[in-house]
Amino acid sequence: MKEETIVQKLKNGDMQILRLVYELFYKSVYQAAFFITSDPSLAEDAVHEVFLKLPSRIEQLEDPSKLEAWLCRMASNTARDIIRRHSRSDLFAGARDVCPDNQAGSPETTLLANEDKTTIKQYIERLQPEYKIVIYLKYYQDLKIEEISKILGIPLGTVKSRLIRAREELRKIIETENLNRQNISGLPDRKGVK
C-alpha cells in the first residue's frame, strides 16, 4: 500500500491502518529514537509516544510520500524531549549498534568492521542532539540536505552548518582519542613497580 493511501486513511480516521503503519515503520522509528537516546527502553518510550500522537498529528504531514521520514523526525524530537525530561548525564554512554550486519566475510573482517562501527557510533554519541540528528538523517538514512531541511523544519543553511560543525566535532573527538592512545602507549614499562 502506498504511503499516500495510508496517510489518507489516517486522515479519514481509519484506526485499523495504524497497526499497518506500526508494522511498516517501527524499525525506522525505533532506530531514529535510539540514535538520539542510546537507551533501548527510552527509545521504546519514544516509539510508543510517536504512534500514540500519530492520529492527532497526521494533519501536519505536508507530503504524504515522506511519511517514514516524518515519523523519524517525530521520533527524534520525542527522544530529545524524553532526554530533557530524564536529564541524566549518563544517557549517551555505551552506544550499541542495533542494526544487524549483513556483511559477508571472515569472522575477523566482520569483527573489525563491527568494532569500527561501534567506535564511530560512540564518537557520534558524544555530539549534541542537533548534530546527532543531522548526522543520522544524512549518513544513516541517506537523505539529501533539502529533505533534512524539510524534515527538521530548519533552513538549508542551518542543516549545512550543523553537518559541518558535527564533522568538526567528530574530528576533534577522534584526534583527542588518538592522542590519548598515543600517550598511554608511550608510558614507560612499569615492570617491577609495586
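This is a predicted model, so every value here is computed, not measured.

Cut-offs used in this document
Residues numbered from 1 in each chain as written. Predicted model: local features only at pLDDT ≥ 70, side-chain atom pairs only at ≥ 80, totals over all residues. Heavy atoms only, no water. Patch = residues over 30% accessible without salt bridge, like charges linked within 9 Å, V, L, I, M, F, W, Y side chains within 5 Å. Areas by Shrake-Rupley, 256 points an atom, 1.4 Å probe, with all protein chains shown as cover. Salt bridge = Lys/Arg side-chain N within 4 Å of Asp/Glu carboxyl O. Helix = DSSP H or I, 4+ residues; strand = E, 2+ residues; numbered from the N terminus. Buried < 20%, exposed > 50% of the residue type's maximum accessible area, 1.4 Å probe, protein only. Core = buried A, V, L, I, M, F, W, Y, C linked by side-chain atoms within 4.5 Å. Contact = heavy atoms within 4.5 Å. pLDDT = per-residue confidence, 0-100. Arc of directions from axis to C-beta.

**Some points on a nonpolar patch on the surface**
Right, so step 1: Where nonpolar side chains cluster on the molecular surface, the patch consists of Ile 120, Tyr 139 and Tyr 140 and spans about 310 Å² of accessible area.
Right, so step 2: Residue position: Tyr 139 is located in helix α6 (residues 129-140).
Right, so step 3: The partly exposed category is assigned to Tyr 139, whose relative accessible area is 44%.

**Notes on the nonpolar core**
Right, so step 1: By size, the foremost hydrophobic cluster in this structure holds 52 residues, and its most contacted members are Leu 54, Leu 67 and Leu 71.
Right, so step 2: Elements with a minimum of two residues in this core: α1 (3-11), α2 (16-37), α3 (40-57), α4 (67-86), α5 (107-125), α6, α7 (145-152) and α8 (156-185).
Right, so step 3: Those residues in contact with Leu 54 that lie beyond four places of it in its chain are Leu 10, Leu 18, Val 21, Trp 70, Leu 71 and Met 74.

**Structural notes on the confidence of the model for the protein**
Right, so step 1: Residues of the protein with pLDDT of at least 70 account for 76%, and the chain-wide mean is 78.
Right, so step 2: By mean pLDDT, the top-scoring element of the protein is α3 (91), and the lowest-scoring one is α5 (68).
Right, so step 3: Here residues 88-104 is modelled with pLDDT under 50, and outside its nearest four sequence neighbours on either side it reaches 32 contacts, counting other chains as well.

**A look at α1**
Right, so step 1: Those residues of α1 that sit buried are Glu 3, Ile 6, Val 7 and Leu 10. Looking straight down α1, one finds that the buried residues subtend no more than 95° of arc, so they occupy a single side.
Right, so step 2: Just past α1, the residue Gly 13 takes up positive phi, approximately 90°.

**With respect to the pattern of salt bridges**
Right, so step 1: For the structure on display, the rule yields seven salt bridges.
Right, so step 2: Here Arg 19 ties to Glu 23 by a salt bridge, and the two come within 3.9 Å at their closest N and O atoms. Placement of both Arg 19 and Glu 23 in helix α2 is noted, with a separation of four residues, approximately one turn of the helix. For the pair Arg 19 and Glu 23, one class covers both residues: exposed.
Right, so step 3: Between Lys 132 and Glu 125 there is a salt bridge; the shortest N-O distance is 2.9 Å. Comparing Lys 132 with Glu 125 shows no difference in burial state: the two are buried.

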